[in-house]
Structure formats: structure tokens, C-alpha cells
Amino acid sequence: MFAPRLFGSGKIRGGVHPDGRKDATSDRPILTNLPLPSRLYVPLNQHSGDDALPLVRPGDRVLKGQLIGKASGRVSASIHAPTSGTVLAIEAVTMPHPSGLPAMAVIIEPDGDDRWIEIPTPPDPFSLDPDVLASKVEEAGVVGMGGAIFPAAIKLRQGRRFEIQTLIINGSECEPFLTTDDRLMQERADEIVEGTRLIRKIIEAYRAVIAIEDNKPAAIAAIQAAANKVGAIEVMVVPAHYPMGSAKQLIQAVTGLEVPAGKRSNDIGVLVHNVATAWAIQQALVYGKPLLSRVTTVAGACVAQPQNVEVLFGTPIEHVFKVCGGLTGVPARLLMGGPMMGQILPSLDVPIIKGSSGVLALSKAEVNAHTSSPCIRCARCVDACPMGLVPLEMARNSRADKLDAAQEFGLRDCILCGSCAYVCPSHIPLVQYFEYAKGELADRRSSQQKQEYTKGLIDARKERLEQERLAKEAAKAAKEAAKAAKDAARAAAKAEKEAAQAKTQHPESTTTSPADNCVREEQP
Amino acid sequence: MLTATLVLTLMGLILGGLLGLASRAFASNDDNPLVKEVESMLPGSQCGQCGLPGCGPAAEAIVNGTAAVTCCPPGGRALAESLAKKLDIDISTLGAAAVPQLAVINAEQCTGCTRCYKACPTDAIVGASKQLHSVISAACTGCSQCVAACPEDCISLQAETLSLTTWHWHKPEAA
């Protein structure tokens, strides 16, 4: 009757074991203080949610860390100048997105001084109120650095509304090629542990666990050593198993709990943050530093010197490749993120943003392109799906545009991890089908919402016009009444005047009106 | 003269009363309730982009089968599908839905005459007398009433441009 609960056993359902290919970068230190590019293209939207509002004009001088884009809307994040320089323009530039569509960005010409704006020494964060700390995280523009790019402060505030039993700091980094979290944990373990303690203080979690995959022994040792210094932070080693780094799978591996369909991790008392987010939160709260740069893995067979680099946001990826020795050939595919879930890049002229965990220049051999053939219903994708869904049926229905049926087979719960497409012997682009179907469904939802919104507007307008009409009528009636009253007053005044005249003409009648006189005269 | 007036008035009153009573007593209930339901699903901006004089006649035409469920550009694909479901039409036979359009004001030609925003059924145009008017695209249904109202002929309808949030992957080529 009861399914066996995987209580913290480190196991997840389904999944795959892709070749890690992390050796090229995991042993090389993070390269910092890169030469500045000639221009920085800082997008106003580097997060999920609404664009930040620009606070600068072309020609303005900005200092490093200065707020140049203010969060606006319910879900948004602030943007800061990554270095000192001059704002050249605020215009649309091509985004690191498979569509190749442009979006607004602040273009900054660095002056080379890299001069910081004055940052007052912040008070000890452990003495502050959790809500104050969450606001500071918001001011620093911190977003989820694992790839979801959801504003961190909103997630922290949501966490405060729930009773969080377990805070999980995600250091599993299951994507092949990527080693940014690995290097960060090796080199900045103390900061990550302090960040973990701060997040735990904000959300008042009972337990804090830093979960790391077992293929990163150096990171495990570094984090363990740092955690031992402070105590009360658990380090858990989880098996290297794709997609362990996905929040829902990691929760299952660490706590044994499964997030129910359509619910969030908050609902079962768990909150997950990435190690890089923990680092960014620590920098914001301890030093008052806004998020200006991130560590990104530059790898792939076409990169001369693959390594991790700490890059300022807005740096064109062409510059990043140049710093890493340039490209050795024409890459068959450019990716932002890992090969399983990363996004195809339209060109080299796109900037690094807050969510860029890696930039990969893959050779033809690494891309391993196939033409797809029809589905043979082998159900390997069903076995591989970590969410327990039926990918072959989801794809079949998406292809026939039967989106409701696709949803019944679990489209809504699909995390787009790509495990199904990885194992498919027919090389069917399953994830693309799901991306298409999810996009179509989102389109429909938004047009439905717009229709409801405009219907409300039409009703509001009708009501307003009706009220205006009534008000006009009332005003007209009032005017007429006023006119009538005026007329009456004038008539009365006239009558009085006449009476006065009559009085002067007939001095014998003292207080009576002419009519009274008549009546009296008629009396015998 | 007086008799004639009285007789005619009396006749008018009696016949009018009879007609009124008859309309109550013999009222027919053949209004298709489905038309009402379909009308409530339509956007209700009476824009006439479907080629019919408003959402009421459009609902009637859709129910009678003289207009396609895909005829409503502001409703888009979502409306077409929910209508198809309501009317038991196979979704796969629908074909492409009309694409939603948005009004765009040419800033160089606008004189700020205020006529377009007075005509807009959704209050989607903002402006003031002798000031440049502008369309709030989130509220625009593409009903084209402003296009007809504009004396400068400076409003046009254009398909919505894709942004990073509205773009999504196309369907893969069939295997």
C-alpha cells in the first residue's frame, strides 16, 4: 500500500548518467580580474519577471556597484553597474537566448579605473532582523544563480511565510562540463558556509544541509572543513546522477520527501538555494556588495584553455572566449548553460548575464547530431523520466496539438531535464516538443487573461459613461432648479418692489397690500 | 372634431393594451441559450473584426455555423479552442486562428485630437488634447475603432511583435 519512502537515501527516480567531462576545468583555479572589454552590454532583464527600470541616461558617469536599473513589478530584480565608466546608450541588444531576439540593455564604456561607489560598512548581519536582511538581498539584486534566475529575496520572503524544516544548499552540479559550483566550493567554502547560515537565519530553518555529488571530492572536503568550524551545518554527499541538481530531485535525495504535483518545495517545508546564490547573499549581507559578476565555466572542445572565470555581467561572450585563449575552430554549437538543459546561443555577440553558469563551444563530435526516426514505443523515456511521467505520450499529443491530453500525461510537471531525449534510441527531440507545448499553453493562458482583463475594462468604461450621463442629467436638473429658484426670487422681488411703489403712491394704506385695499373697499 | 379625437385615442389605447397583453401571453422562448453562452465567451468589445456587426451577431453566426470558431482575432487560438470544445468541433480541423492585432499610433502624424481614445472601447489609448496619444498594448484588443475615428489616418493595426517572454520553440519537424 505504501510506496517505500526514500528517506534521505540519496536516491532519485529515473535519471541518466551522462559522461561528466568536468576534468578539463575542475582542477584549474577560477580566473579573476579579467581584462575589461571595450563595452559592457548590461541587460535590464537578467532575471525571471519584469524588466528593471533604467535609472541612468546616455552620457551619465557611473561607478562600480551603482544602481542603474531599479526592480519594478511584483517579480523583478535590481541591476548595478559592473564597473565604472560612461553610459553610451540604453538600447535593444541581442540576448543570450535561442530566439536571438533583442531586449533593452544599458551599454557602458568602461573607464578602466574600476572605481567603486562608496559602500558604508554594513552592521553585523547576524544582529539584524530577518526581514531587513531579505530587503538587503533584494537591494543587491541577487537572483537564483543555479539557472532559475528567480529573485532570491522573493524566495526568502516566501520561505518566511512557511515553516521550513530543511534548507538545502545545492552543490550537486549534475550538468556535464560545468564546474562553476565545484570551483566556488573549493575556493570560497567559508563564504558559502557563512551564506548558508545567513539564509538559514532569514528563513528560520531547523536544519541546513549542503548537498554535493560524490564526483567532487575536493569540494566536499573544503565545505566539510568550513562547516566543521561553525557547526550545525550538515554536509551530505549524494550520488552523481543526472538530474540531481534539479530542486525536486535533490529534495527527494536529501529528505526522502516528494514535492506533490503542482506544489512548491515550500509546501513540504523545504527551501533550496544554489551554492553560488549562498555566496552572493553572503557578499551582499557581510560586505554590502551588489551582484556584479559571476563565476562561469568556459569549456568545450573548441576552447583553447577551458577554465572557470569570474566575469562581469554584460561582458560579451566573445571577450570571454578570447580571455580563455580564443576558439580553436568553428564551434558546431554555442551553449549557455550545460549540454543537457543549456540554451543554444544565436551568436558570439551576446552578454554574460546573472544566470550564465557556463558558456560552451562544442565541436561537431561533442554535439552528436542525429536525424530522428519514428517512435518505437520502447518506453526507455518512461524509465528515464525523473518525474515519473510518460514522455512518449506527451510528445505524441504535443505533436498532434492535443495539449490537454499532453497535460494529462504530465506536461505540467515536466522539468525539461532532457533525460528522455538523452536515452531515446530514435533520437526524437522530445524536449523541443515539450518546450513547444508549454509555450503554446502559456500563449493561451495569456490571451485568456488578456480577454478577461479587456472585458473588465469594457465594463468599467460602460459604467463610467453611464455615471457621466447621470451626473450630466443631475447637473442639468440642478441648473434648471436653480434657474426656477432664481426666477421665483426675481418674481418675489418684483412683487415687493411693486408693493413698495404702491405704498408711496397711496400713503393712507400703511401696512396692507393693494389687494387688501380692494377687498376692504368692497366691504360695505 | 372632439368625437373623432376621443375615438381615435380610445382605439389606440385599447389596441395598444391588447398588443401589450398578447406579447406577454404569447411570448416565444425560442432564443437559443447557446448563443448567450457563446456571446459571454467572446471578448465583448463589439469590434467587428470578424466581419459581423458585434459580438452578439457573431455568437449567433458561430452557433449557426455560418462563421468559423476561429473568426475572432482578439480571442486568438485560446478562444477558438474553447469554442470548439463547447460546440463539439474537432480541434484538429480548426486550422490557423486569426492573429491578434494591436493598434499603433504614428507619432509623427498624431495631432492630439482625442478622437481615438474617445472611440476606444477598452480605454487602451491615453493622451490629452494636443498631446501625443499612445496605445497601452496590454489593453488593446485590435478592434480597429480608433483606426476609423482617426482623422489623420495615423493609426494602423500590426501583429504583436515577439519578445523574449512570448517567444517559444516551434514544433519540431515531424520524424
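On a predicted model such as this, the values are computed, not experimentally measured, just so you know. Throughout this description, residue numbers start from 1 for each chain and increase along the sequence as written. Following the order in which they are written, the chains are lettered starting with A and the ligands numbered starting with 1. Totals for whole chains, interfaces and linings use every residue, but because this is a predicted model, local features are given only for residues with pLDDT of at least 70 and side-chain atom pairs only at 80 or more, for both listing and counting.

Participant: Tell me about the UniProt feature "signal peptide" (unreviewed entry) in chain B, and name the residues and values.
Facilitator: Within this structure's numbering, the places UniProt gives as "signal peptide" (unreviewed entry) are residues 1-27 of chain B. Numbering of helices and strands runs from the N terminus, with a helix taken as a DSSP run of H or I at least four residues long and a strand as a DSSP run of E at least two residues long. A distance of 38 Å separates the end C-alpha atoms of residues 1-27 of chain B, which is 89% helix and 0% strand. UniProt positions are given in the numbering used here, feature names are shortened, and annotations may be inferred rather than shown by experiment.

Participant: Tell me about the packing of helix 3 (residues 152-161) of chain A against helix 5 (residues 189-203) of chain A, and please be specific about residues and values.
Facilitator: Residue and element names in this part refer to chain A. Where helix 3 meets helix 5, the closest approach of the two axes is 8 Å, and the angle between their N-to-C directions is 50°. Between helix 3 and helix 5, the crossing angle belongs to the class labelled oblique. Contacts between helix 3 and helix 5 pair Leu156, Gly159 and Arg160 from the former with Ile199, Ile202 and Ile203 from the latter. For this classification, Asp, Glu, Lys and Arg are treated as charged, while Ala, Val, Leu, Ile, Met, Phe, Trp, Tyr, Cys and Pro are nonpolar and the rest, including Gly, are polar. Broken down by class, the residue content of the contact of helix 3 with helix 5 amounts to four nonpolar, one polar and one charged. Axis definition: a line fit to C-alpha positions, over the contact stretch in the case of helices; interaxial angles, taken between N-to-C directions, run 0 to 180 degrees. To sort the angles, those under 35 degrees are grouped as roughly parallel, those over 145 as roughly antiparallel, those from 65 to 115 as roughly perpendicular, and the leftovers as oblique. We call two residues in contact when their backbone-placed C-beta atoms lie within 7 Å.

Participant: Any chance you could break down helix 4 (residues 76-86) of chain B for me, citing the residues and the numbers?
Facilitator: One turn of the α-helix equals 3.6 residues, which is why residues spaced by three or four share an orientation. Backbone-placed C-beta atoms define the burial measure: a residue is buried with 20 or more other C-beta atoms within 10 Å of its own, exposed with 12 or fewer, and partly exposed in between. Looking at helix 4 of chain B, one finds that the buried residues are Gly76, Ala78, Leu79, Ala80, Glu81 and Leu83 of chain B. Looking at the buried positions of helix 4 of chain B, the neighbouring elements they touch are helix 15 (430-505) of chain A together with helix 2 (33-41) and helix 3 (55-64) of chain B. Of the residues one or two after helix 4 of chain B, Asp88 of chain B is the one with positive phi, at around 60°.

Participant: Residue-level account of the confidence of the model for chain B, with values.
Facilitator: For residues with low pLDDT, the predicted coordinates do not support detailed interpretation. All names here are of chain B. A residue's pLDDT is the predictor's confidence in that residue, given on a scale from 0 to 100. On average, residues of chain B carry a pLDDT of 86, and 96% of them reach 70 or more. Across chain B, element-level confidence peaks in helix 1 (residues 2-25) with a mean pLDDT of 94 and bottoms out in helix 4 with 82. In the predicted complex, the global pTM is 0.82; the interface-specific ipTM is 0.79.

Participant: Give a description of the sheet that holds strand 13 (residues 307-312) of chain A that names residues and reports values.
Facilitator: Residues and elements named next belong to chain A. A strand pair is defined by DSSP finding two or more bridges across the two strands. Strand order in the open sheet made by the five strands is 13-12-16-14-15, with mixed pairing throughout. Here the strands that pair on one side only, and so sit at the sheet edges, are strand 13 and strand 15 (343-344). Here four bridges tie strand 14 (residues 333-336) to strand 16 (residues 358-362), and the two strands are oriented antiparallel to one another. From the neighbouring strand, Arg333 faces strand 16, where its bridge partner is Leu362. Along the sheet face, helix 4 (residues 180-187) touches strand 12 (293-299), strand 13 and strand 16 and points at about 125° away from the line of strand 12.

Participant: I'd like a rundown of the environment of Gly56 of chain B, residues and numbers included.
Facilitator: All names here are of chain B. On the secondary structure map, Gly56 appears in helix 3. On the basis of neighbour counts, which here come to 16 C-beta atoms within 10 Å, the residue Gly56 falls in the partly exposed class. Here the alpha-carbon distance between Gly56 and Glu39, two residues 17 residues apart in the chain, equals 5.8 Å.

Participant: Talk me through the pairing of strand 7 (residues 102-110) of chain A; I want residue IDs and the actual numbers.
Facilitator: All names here are of chain A. The pairing of strand 1 (residues 40-43) with strand 7 spans four bridges and is classified as antiparallel. Considered in strand 7, the bridge of Pro43 is made with Ala105. Pairing of strand 6 (residues 85-94) with strand 7 involves nine bridges; the strand directions are antiparallel. Within strand 7, the position partnered with Val93 by the bridge is Ala103.

Participant: How would you summarise the environment of Leu360 of chain A if you had to cite specific residues and measurements?
Facilitator: All names here are of chain A. Tracing the backbone shows Leu360 in strand 16. On the basis of neighbour count, Leu360 is assigned to the buried category, with 28 C-beta atoms found within 10 Å. The spacing of Leu360 and Thr297 is 63 residues in sequence and 7.8 Å in space, taken between C-alpha atoms. Apart from residues lying up to four places away in sequence, Leu360 is in contact with Phe177, Ala299, Gly300, Leu335, Pro339 and Gly342.

Participant: A description of the UniProt feature "binding site: [4Fe-4S] cluster 2" (unreviewed entry) in chain A should follow, citing residues and the corresponding values.
Facilitator: Residue and element names in this part refer to chain A. Annotation from UniProt places "binding site: [4Fe-4S] cluster 2" (unreviewed entry) at Cys385, Cys414, Cys417 and Cys420. Taken together, the annotated residues stretch across 36 residues yet fold into one region, lying no more than 10.7 Å apart by C-alpha. Setting aside chain neighbours within four positions, we find Cys385 in contact with Gly14, Pro391, Ser419 and Cys420. Within the secondary structure, Cys417 is located in the loop between helix 13 (403-408) and helix 14 (419-423). We classify Cys417 as buried; it has 26 C-beta atoms within 10 Å.

Participant: Before we move on, could you go through the UniProt feature "binding site: [4Fe-4S] cluster 2" (unreviewed entry) in chain B and cite the residues and values that matter?
Facilitator: All names here are of chain B. Here the UniProt feature "binding site: [4Fe-4S] cluster 2" (unreviewed entry) sits at Cys110, Cys113, Cys116 and Cys150. Across 41 residues, the annotated set stays spatially compact, with a maximum C-alpha separation of 10.3 Å. With respect to the secondary-structure elements, Cys110 resides in the loop between strand 1 (101-105) and helix 5 (115-119). Ignoring sequence-local partners within four residues, the contact set of Cys110 consists of Ile105, Leu132, His133, Glu152 and Cys154. Residue Cys150 is classed as buried on the basis of its 22 C-beta neighbours within 10 Å. For Cys150, the contacting residues outside a window of four places in its chain are Arg115, Cys116 and Ile155.

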